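Residue-level listing of the chains:
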Amino acid sequence: MSKTVLSFLLMDGPFEQARTTTAFRMIDAALEKGYDVKVFTYEGGVSLAFAHQKPHANSVHGRTFDEENHPLTKDWITALFDKAKNKGCELEWVNCGLCVDERGVNDAVEGCRRGAPKDFWEWSKEANGTLVIGTK
């Protein structure tokens, strides 16, 4: 029996839209079921895995660094890689190289690699399901 493979294309940058959080939840759910997952990021989505994201305090709301407990998408991605490993499934995360260069976010968390739209095209042909979460 072949394994279920889902492919995703994410285009929104971190902290901008609920679509990104929803995508992370869907990816997490797929890994929880033992599916292999392939994620291609394009445009602002390449910043999701940027390794130099930093948490911060929130002076507007009067919260300290510790009180704010600011979530970072790079940490969520690392957790997804850990989950895939623990569940015995594959998570492949590819950032569009042109988009990375345009935004200067070359340093991604471990497990991510540079690629091209062709990667997503190939995945889509072979996946059991493909979801493109575009920008507005």
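The coordinates are above.
Just so you know, these numbers come straight off a predicted model, no measurement behind them.

Thresholds applied
- Residues numbered from 1 in each chain as written.
- Predicted model: local features only at pLDDT ≥ 70, side-chain atom pairs only at ≥ 80, totals over all residues.
- Heavy atoms only, no water.
- Helix = DSSP H or I, 4+ residues; strand = E, 2+ residues; numbered from the N terminus.
- Buried < 20%, exposed > 50% of the residue type's maximum accessible area, 1.4 Å probe, protein only.
- Polar contact = N/O pair within 3.5 Å; in protein donor to acceptor, adjacent residues only side chain to side chain.
- Contact = heavy atoms within 4.5 Å.
- Axes fitted to C-alpha atoms, helices over the stretch in contact; angles between N-to-C directions.
- Parallel < 35°, antiparallel > 145°, perpendicular 65-115°, else oblique.
- Core = buried A, V, L, I, M, F, W, Y, C linked by side-chain atoms within 4.5 Å.
- Pairing = 2+ DSSP bridges.
- Salt bridge = Lys/Arg side-chain N within 4 Å of Asp/Glu carboxyl O.

(A) Focus on unusual backbone geometry. Backbone geometry places phenylalanine 15, a non-glycine residue, at a positive phi of 65°. Looking at where phenylalanine 15 falls in the secondary structure, it is placed in the loop between strand 1 (5-10) and helix 1 (18-32). Positive phi, normally seen in glycine, also occurs at glutamate 43, with a value near 50°. Tracing the sequence through the fold places glutamate 43 in the loop between strand 2 (36-41) and helix 2 (65-68). According to the relative accessible area criterion, glutamate 43 is partly exposed, its value standing at 29%.

(B) The side chain of aspartate 12, seen in detail. By secondary structure assignment, the location of aspartate 12 is in the loop between strand 1 and helix 1. For aspartate 12, a relative accessible area of 8% translates into the label buried. Within the local environment of aspartate 12, its side chain forms a polar contact with the side chain of arginine 19, the two groups lying 2.8 Å apart. Sequence-distant contacts of aspartate 12, defined by excluding residues within four places in its chain, comprise Gln17, Arg19, Thr20, Gly44, Gly45, Leu48, Gly134 and Thr135.

(C) Representation of the packing of helix 1 against helix 3 (residues 73-87). Across the interface, helix 1 lies against helix 3 with an axial gap of 9 Å and an inter-helix angle of 10°. Here helix 1 is positioned roughly parallel relative to helix 3, judged by the angle of their axes. Contacts between helix 1 and helix 3 involve Thr21, Phe24, Ile27, Asp28, Leu31 and Glu32 on the former and, on the latter, Thr73, Trp76, Ile77, Leu80, Lys83, Ala84 and Lys87.

(D) Looking closely at the nonpolar core. Residues Leu10, Ile27, Val37, Val39, Ile77 and Trp93 are the most contacted members of the largest nonpolar core, which totals 21 residues. Secondary structure elements with two or more residues in this core: strand 1, helix 1, strand 2, helix 3 and strand 3 (91-96). No other element matches helix 1, which puts five residues into this core. Isoleucine 77 has contacts with Phe24, Leu48, Ala49, Trp93, Val109 and Cys112, leaving out every residue within four places of it along the chain. Among the nonpolar cores identified, the runner-up in size contains 11 residues, and Met11, Phe40, Cys99 and Val100 belong to it.

(E) Structural detail: the pairing of strand 4 (residues 112-115). Of the pairings in the sheet, the one linking strand 3 to strand 4 comprises four bridges and is parallel in character. Across the sheet, residue cysteine 96 finds its bridge partner in strand 4, namely glycine 115.

(F) Structural context of the pattern of salt bridges. Summed over all chains, the structure comprises 13 salt bridges. Between aspartate 28 and lysine 83 there is a salt bridge, with the nearest N and O atoms lying 2.8 Å from each other. Of this pair, aspartate 28 sits in helix 1 while lysine 83 sits in helix 3, and the two are 55 residues apart along the sequence. Taking the relative accessible area as the measure of exposure, lysine 83 reaches 18% and is therefore buried. For lysine 125, the salt bridge is made with glutamate 122, and the minimal N-O distance between the two is 3.4 Å. Taken together, the residues span about one helical turn, with lysine 125 and glutamate 122 both in helix 5 (residues 117-126) at a distance of three residues. By relative accessible area, glutamate 122 is classed as partly exposed at 27%. Among the charged side chains, a salt-bridge network with shared partners connects Lys38, Glu90, Glu92, Arg113 and Asp119.

Read these as layout, nothing more, since geometry by itself doesn't imply function.
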